[in-house]
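Here are the chains, one letter per residue:
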Amino acid sequence: RTQFLASAPKPGSIEQMTTFERQEKRSLVILIFIFILFTSGATASGYLTYQNYKEHFREQVESEISAIAELKVNELVDWRKERMADAEVLRKNPVLAALVKHLFESPSDVETQDQLQAWLASYRTYSDYDRVRLIDVQGHTYLSDPAGLPSLSSEIIQQIPEVLNSGQVKMVDFYRSTDKSIYLGMIIPIVDENAGGQIIGLIVFSIDPQSYLYPFIQEWPEIRTSAETLIVRRDGDDVVYLNPLRSQEDAALNLRFPLDQTELPAVKAALG
């Protein structure tokens, strides 16, 4: 005969189960709190690490750009000094002054023409000087290399009185010649020391920026997909770009923006 026995739980066992459930819940809450605390800490740590890396990376890039900019500026200054040194050799050269004076007095002297032509041609062996011409103080061309150059641009003609007054070499900023090419210019007074420092003529160099300046400005020490160097100048209420851009090859002397667009780096530079 099978007997079924059943017994009611003791009052103390119910209290033990309730206490155990409470302990389980408390442990679960503690674990959840620890998990949230750990996750928050990890998130905060990751965020701070990212911000620190971002700031460090930005400082590194800014330092690199500043170093490249300083290097380019220094090299451009040296390049300009070299051009000015070339000009000074001609400014107070007694042999050149004597030849020019004789040519102006005797324009049909072929021998003097040949000597001066050879002198001008020697400077075109340097890649910087694309055009060289000898002019009188009124701006009339007597000799040029190469021969048959177009007439002087208005930017050069406008600077002649200043050179005659100062007696110093004048470098003319980027300008567009009469044939629409872009040049820098140098106007060199030919001084006759035997005539009390009288200026008897002028030599004009046309410097093609495509030969050195533009490639140098656009060159970077390592490949960058977005970095580029700009040269700009203030022109009235605008800033005008002086060199080609990656996105616009004809930007030089064509691309300009008003100075009130202060978010543009070019405007910031033009405003100091």
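Residues numbered from 1 in each chain as written. Predicted model: local features only at pLDDT ≥ 70, side-chain atom pairs only at ≥ 80, totals over all residues. Heavy atoms only, no water.

This part takes up the side chain of aspartate 145. As for its placement among the helices and strands, aspartate 145 is situated in strand E2 (residues 141–145). Among the polar contacts made by the side chain of aspartate 145, one reaches the side chain of arginine 124 at a distance of 2.9 Å. Among all residues touching aspartate 145, those that are not within four sequence positions of it are Gln117, Leu120, Ala121, Arg124, Asp130, Arg131 and Val132. (Helix = DSSP H or I, 4+ residues; strand = E, 2+ residues; numbered from the N terminus. Polar contact = N/O pair within 3.5 Å; in protein donor to acceptor, adjacent residues only side chain to side chain. Contact = heavy atoms within 4.5 Å.)

A cluster of nonpolar side chains, namely Ile30, Leu31, Phe33, Ile34 and Leu37, defines an oily patch on the protein surface of about 520 Å² accessible area. Among the structural elements, isoleucine 34 can be located in helix H1 (residues 11–91). In this structure isoleucine 34 comes out as partly exposed when scored by relative accessible area, which is 46%. (Patch = residues over 30% accessible without salt bridge, like charges linked within 9 Å, V, L, I, M, F, W, Y side chains within 5 Å. Areas by Shrake-Rupley, 256 points an atom, 1.4 Å probe, with all protein chains shown as cover. Salt bridge = Lys/Arg side-chain N within 4 Å of Asp/Glu carboxyl O. Buried < 20%, exposed > 50% of the residue type's maximum accessible area, 1.4 Å probe, protein only.)

Here the focus is helix H2 (residues 94–105). Helix length check: H2, at 12 residues, gives a terminal C-alpha distance of 16 Å against a target of 16 Å (1.5 Å per residue), a fit within 8%. Looking only at H2, the buried set comprises Leu96, Ala97, Leu99, Val100, Leu103 and Phe104. Down the axis of H2, the sector holding all buried residues measures 165°, keeping them to one side. Relative to its buried face, H2 has exposed residues pointing more than 90 degrees away, namely Pro94 and Glu105. (Expected span 1.5 Å × (residues − 1). Arc of directions from axis to C-beta.)

This next bit is on the nonpolar core. Within the largest apolar cluster, 38 residues are counted, with the highest numbers of intra-cluster contacts made by Val100, Leu116, Leu134, Phe174, Met186, Ile203 and Phe205. Looking at this core, the elements with two or more residues in it are H1, H2, helix H3 (110–123), strand E1 (129–135), strand E3 (170–176), strand E4 (182–192), strand E5 (198–207) and helix H5 (213–218). Every residue in contact with isoleucine 203, bar those within four places of it in the chain, is listed here: Leu90, Leu96, Leu120, Val132, Arg133, Leu134, Met186, Ile187, Ile188 and Ile190. With 13 residues, the next largest nonpolar core counts Ile160, Val163, Tyr175 and Val204 among its residues. (Core = buried A, V, L, I, M, F, W, Y, C linked by side-chain atoms within 4.5 Å.)

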